[in-house]
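Each chain, letter by letter, is given below.
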Amino acid sequence: MTAIRFATASDADAIASIYRPYVEGTRVSFEEQAPDAAEVAARMQSPLHPWLVVEEDGRVLGYASSSPYHRRPAYRWTVETSIYLAAAAQGRGIGRQLLSTLVELLTHQNYVTAIAAIALPNPVSIALHSRLGFVAAGTYRGVGFKLHEWTDVSLWQRDLAPRTAEPREPRPPAMIDFPRRD
Ligand SMILES: CC(C)(COP(=O)(O)OP(=O)(O)OC[C@H]1O[C@@H](n2cnc3c(N)ncnc32)[C@H](O)[C@@H]1OP(=O)(O)O)[C@@H](O)C(=O)NCCC(=O)NCCS
């Protein structure tokens, strides 16, 4: 049985271990130095940006998080999302469960747009984001150079709420029926 819950500082080690192979061996992430557990714990400190983990039998299989899309204040209703699963957990629908929970949570937080930046090629990530209502918003050509290759980045946008003249300020993530079990 899988369960989705907010990450805590004690998950930082598991999250760092899941993320490390994507940093060190792939172009999925454009980071080049994998963050250690302390750095992951520091990144988790943001009060307005949730980190979720999915676990099975007490073992963390993956995580999803949001971060500010841009530091300038008019962008504050827009977030960037990211999601990483351990290789053994892929292809079982866990990514869909986890990302849809994150989208629901961000909607409750009053965010208006979520953006995923997908380094190409990544057909599974594109299938996942399309399934959850993200739509293609354009592709940057050759903006990253890693592991000897120039890489395109495709942007996928998911509207979370109607745009109004007086948007409510983003608020911290609240418990919305968590932990969630399958
Ligand atoms: C991308 C990722 C989060 C997707 O999660 P997942 O649990 O593996 O995917 P799911 O099983 O939920 O499937 C999501 C969609 O992808 C499709 N899919 C899954 N595996 C696939 C494969 N090997 N080839 C093609 N499509 C595939 C599924 O059919 C599903 O589409 P559908 O709902 O239209 O049927 C996960 O594979 C992962 O962590 N990959 C490595 C890190 C990464 O790429 N992160 C995203 C960075 S932008």
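Residues numbered from 1 in each chain as written. Predicted model: local features only at pLDDT ≥ 70, side-chain atom pairs only at ≥ 80, totals over all residues.

Student: So what's going on with helix α4 (residues 123–131)? Residues and values would help.
Tutor: Of the positions making up α4, those classed as buried are Ser125, Leu128 and His129. For α4, the buried positions fall inside an angular range of 90° around the axis, keeping them on one side. Along α4, exposed side chains directed more than 90 degrees from the buried face belong to Pro123, Ala127, Ser130 and Arg131. Buried residues belonging to α4 abut α3 (94–108), β5 (113–119) and β7 (149–159). Just past α4, the residue Gly133 takes up positive phi, approximately 90°. (Buried ≥ 20, exposed ≤ 12 C-beta atoms within 10 Å, placed from the backbone. Helix = DSSP H or I, 4+ residues; strand = E, 2+ residues; numbered from the N terminus. Arc of directions from axis to C-beta. Contact = placed C-beta atoms within 7 Å.)

Student: Tell me about the site of the ligand, residues and numbers included.
Tutor: Taken together, 21 residues surround the ligand, and among them Leu85, Gln90, Gly95, Arg96 and Ala127 come closest. Mapped onto the shell around the ligand, the elements with two or more residues apiece are β4 (78–85), α3, β5 and α4. Per-element tally for the shell around the ligand: the top contributor is α4, with six residues. Per-class residue counts for the shell around the ligand are 12 nonpolar, six polar and three charged. (Near = placed C-beta within 6 Å. Nonpolar A, V, L, I, M, F, W, Y, C, P; charged D, E, K, R; others polar.)

Student: So what's going on with the nonpolar core? Which residues, and what values?
Tutor: With 29 residues, the main nonpolar core has Ile15, Leu52, Tyr63, Ala64, Leu98 and Leu102 as its most contacted residues. If you list the elements that add at least two residues to this core, you get α1 (12–25), β2 (51–56), β3 (59–68), β4 and α3. Residue contributions to this core peak at six residues, all from α3. (Core = buried A, V, L, I, M, F, W, Y, C linked by C-beta atoms within 7 Å.)

Student: Residues and numbers for unusual backbone geometry, please.
Tutor: Note: most residues except glycine have negative phi, and most peptide bonds are trans. The amide bond that connects Leu120 to the next residue, Pro121, takes the cis arrangement and shows omega of 0°. By secondary structure assignment, the location of Pro121 is in the loop between β5 and α4. Phi at Asp57 is positive, roughly 50°, even though this residue is not glycine. Structurally, Asp57 is set in the loop between β2 and β3. Owing to 8 C-beta atoms within 10 Å, Asp57 belongs among the exposed residues under this scheme.

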